[in-house]
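# Fold and contact review
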Amino acid sequence: MKSLKLSMNRLGDSKLQSLVPFDKLRALTVLDLSSNKLGPDSKSSLANALQGLHSLKQLFLGMALINGEHTQEAFETRSDGLKVANLVPALVMMKNLELLDVSGLSMGPSGARVLAWENMPEKDGNSPAEGLGVPQRRGISLSTRFYASVCCLPGSCFGSTVMDGRLKMLTDLDFSLCKLGDSGLEALEKFIVCNTKLTRLNLMSSQLTPRAAPRLNAVLSSLPDLQDLGLGSYPFAAVDDKNYFPVTELHVLANKKLMTKLDLSALKIDSTFTTLLCPLANLKSLNLSSNDLKCAGDLNLETTLKSLTCLELLDLSKNDILLAGLATVKDALHFMTLLTSLNISKNPLGDQAAASIAAALSSTAMHNLKSLNISEIAITTIGAKVIASNLSCLISLECLNVSENKVGCDGVKALVNALAKLKQLVSLDFSGAKLGEEGVAAAMAEGLGAVGRLTRLKLSGDELGNSTD
């Protein structure tokens, strides 16, 4: 067996030890134990098990990745009792390790030794050469990806022996939700600047303040190959963990021509700033959620979006976008022929915006759209019927979220009649429509059952138990 994945199983220390015969799995190259219930008792059992797995290339011990992202569900189920410091002796022996994910675990200064050059096992009795990055003491020091998000790593954890720039092959660095703060970023700067091969850097929800902007500019300027950058804040992060530096000062972003993924959520960005992103022609994923775009009465956002013709994912949720602003977005969508995911949820659009939404959906540019989130946009039955008139144009649609809209029974009927024509649809969310039993039954009868491929239907909060038996 080469790969074993046991993530999100609520496995405790004793259960893991009795369930998995690690002594017979010496050939494992991938081990995923993320988002379980491992705790302090893992000090001996898990550490001993890992010491025998010398062929491991990928080890996941932290938060599970759901669709490639850390989510609130993964955050809540992580093994937050597991201490990385207890595993260091085993981790430093893994000479083939390419990916280490300890996101959400208790790190501290002792655990941070997994990034250190000191205390690494010597190879063939040789000591490390003066030229940094040579493989005599390999261990974790040559891992190419390191995820330490939610590890509570303030700047005081980063001594010169830890962040000395010796991880020369590192390409992927995640310090999101680590309570870095400005002092942590200062300590991390030298380390990042020395790793010019980085293609992914995640500093989401890291308590960065306005004082961090100049240092961030310097860090980003030193990374010519950067493709994936997270500077925003996760929606499930505590208020104290959010970043609130002035992203408008990050002029270096305009020079990141290789960038394919950018998260600038919850940074109080207005539409004027977005023009800075126009040169990023290779951008495929852009998250501008929870900002202050509004984009009413100006063409800044429209100009930006029209220039980003490679976009596949666009998130404009929670931006106080009204009807005039939506018209701007609608015009830009005609240029996004590769778009597969669109999120305009949590904007107070109302029924008056339904016609603009319907017009956007009818564009041939939307034929590749797989995911549409129009939840919580204040539409009623009237708006739902207007949008439904063009839903059948989305021939590739797989996921639709219309939750938290008071669309009513007739609105749902109109929507499901249109959805019945979409052969790719697998997920549908009508949560919060407060339909009641009678309304849901009517909606089902009108055609929901005809959506043959549907594998996920969400009706939570729809008051199914309120009718009289």
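Residues numbered from 1 in each chain as written. Predicted model: local features only at pLDDT ≥ 70, side-chain atom pairs only at ≥ 80, totals over all residues. Heavy atoms only, no water.

Here we come to the environment of Lys318. Within the fold, Lys318 resides in the loop between strand S11 (313-315) and helix H10 (323-333). Under the relative-accessibility criterion, Lys318 is labelled partly exposed at 48%. Spatially, the C-alpha atom of Lys318 lies 6.4 Å from that of Ser345, the residues being 27 residues apart in sequence. Filtering out sequence-adjacent residues up to four positions away, Lys318 remains in contact with Ser290, Asn291, Ser345, Lys346 and Asn347. (Helix = DSSP H or I, 4+ residues; strand = E, 2+ residues; numbered from the N terminus. Buried < 20%, exposed > 50% of the residue type's maximum accessible area, 1.4 Å probe, protein only. Contact = heavy atoms within 4.5 Å.)

Glancing now at unusual backbone geometry. At Arg10, a position not held by glycine, the phi torsion is positive, near 55°. Locating Arg10 in the fold gives a position in the loop between strand S1 (3-5) and helix H1 (13-19). Backbone geometry at Lys268 places phi at a positive 60°, although glycine is not the residue there. Mapped onto the elements, Lys268 comes out in the loop between strand S9 (261-263) and helix H8 (271-274). The exposure class assigned to Lys268 is exposed, which follows from its relative accessible area of 75%.

In this section: H10. All buried positions along H10 are accounted for by Gly325, Leu326, Thr328, Val329, Ala332 and Leu333. The arc that holds every buried residue of H10, seen down its axis, measures 155°, which confines them to one face. On its buried side, H10 packs onto helix H9 (300-307), strand S12 (341-343) and helix H11 (354-361). (Arc of directions from axis to C-beta.)

On to the pattern of salt bridges, then. Counting across every chain of the model gives seven salt bridges. Among the salt bridges present, the one from Arg200 reaches Asp174, with a minimum N-O distance of 3.4 Å. Taken together, the residues Arg200 in strand S7 (residues 200-202) and Asp174 in strand S6 (residues 172-174) connect sequence positions 26 residues apart. Each member of the pair, Arg200 together with Asp174, is buried. Linking Asp182 and Arg211 is a salt bridge whose minimum nitrogen-to-oxygen distance equals 3.4 Å. Taken together, the positions of Asp182 in helix H6 (residues 181-194) and Arg211 in the loop between S7 and helix H7 (213-221) put the pair 29 residues apart, joining distant regions of the chain. With a relative accessible area of 15%, Asp182 lands in the buried category. Beyond isolated ion pairs, a larger network of salt bridges with shared partners links Asp172, Asp174, Arg200 and Asp228. (Salt bridge = Lys/Arg side-chain N within 4 Å of Asp/Glu carboxyl O.)

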